[in-house]
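# Chains, contacts and geometry: an overview
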Amino acid sequence: MSSPSFSAPLPMSVPESDDAPSPPVPSAAGTIGTTANGRRDIVVGVLAVQGDVREHIATIESLGGRAIAVRRPSELAAVDGLIIPGGESTTMDKLSRTLGLADPLRDLIAGGLPVYGSCAGMIMLSDVVADPSTDRSGNPQQTFGGLDMVVRRNAFGRQRESFETDLDFAGLATTGNAAGDNPVRAVFIRAPWVEKVGEGVEVLAQVPAAETPPAGPPSGGSGASYGAGAPGTGTDLAPVARIVAVRSGNLLATSFHPEVTGERRVHELFIRMIRGEA
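Since the structure is predicted, the reported quantities are computational estimates derived from the model, not experimental observations.

Reading guide: rules and limits
Residues numbered from 1 in each chain as written. Predicted model: local features only at pLDDT ≥ 70, side-chain atom pairs only at ≥ 80, totals over all residues. Heavy atoms only, no water. pLDDT = per-residue confidence, 0-100. Contact = heavy atoms within 4.5 Å. Helix = DSSP H or I, 4+ residues; strand = E, 2+ residues; numbered from the N terminus. Buried < 20%, exposed > 50% of the residue type's maximum accessible area, 1.4 Å probe, protein only.

Moving on to the confidence of the model for the protein. On average, residues of the protein score 82 in pLDDT, and 77% of them reach the 70 mark or higher. This stretch, residues 1–36, has a pLDDT under 50; its non-local contacts, to residues over four places away or in other chains, come to 81 contacts.

With that settled, consider unusual backbone geometry. One non-glycine residue with positive phi stands out, namely C119, at about 55°. Secondary-structure assignment places C119 in the loop between β6 (115–118) and α4 (120–125). Relative accessible area serves as the criterion here: at 3%, C119 is assigned to the buried category.

Turning our eyes to something else, we now look at the environment of V128. Counting through the fold element by element, V128 comes out in strand β7 (residues 126–129). For V128, a relative accessible area of 40% gives the class partly exposed. In sequence terms V128 and L147 are 19 residues apart; their C-alpha atoms lie 8.7 Å from each other.

Take a look at the structure:
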């Protein structure tokens, strides 16, 4: 299976210091208006510091929405909702702090801005990362938070363990030729899974135990772990179902990449969330 095409990171001229002061936090006013058919028009931002930005923009536009790339804090004021794409969560963390986006995003998420995160975006929305990367000083990576859950990075394995499967996914509506209750074809590429959710987090989809790939090598966070044994030890080999899609209020997250398979119903759900229809 081929990997998705990822947008190039920002130029290397981006300042390296994470200590630059953050600009004032913009309000999430957005530009929702009313279309000719009476439905509210929306603008969806896609965080464009790194990752598969183009694919998310194309999916939103195919659904009749307007999508813009967001690279600066000032651009957040123009959006009604935000997508955090797949990519590298550690790179997103570093660049979002460098560009002054991290603190405004945390405030907007806490204030109710609708946000959808796929793959690395799921990690960035999680309150806790079970196996965070660390910088040269030993500081763990940071997230934007908002979802009361624990995620594990690369839980399904590395690039060579990428796989596809069909999932039952709650809350979807019929979109185009795809009925709402049809399975979702999900692509997992160095994907995380959710190990624990809080009371306010709804589980929308799981990879069944029978379809969960074999456990990875016994190294910290580089492979899968199962059952009751200690995560990452390689000793807990009994497969269990793994949570791969969740929702809490205005926040939606998936471990997989619907944007690379032509699957539009997850993005359509997000648009309905922005409009207050779901």
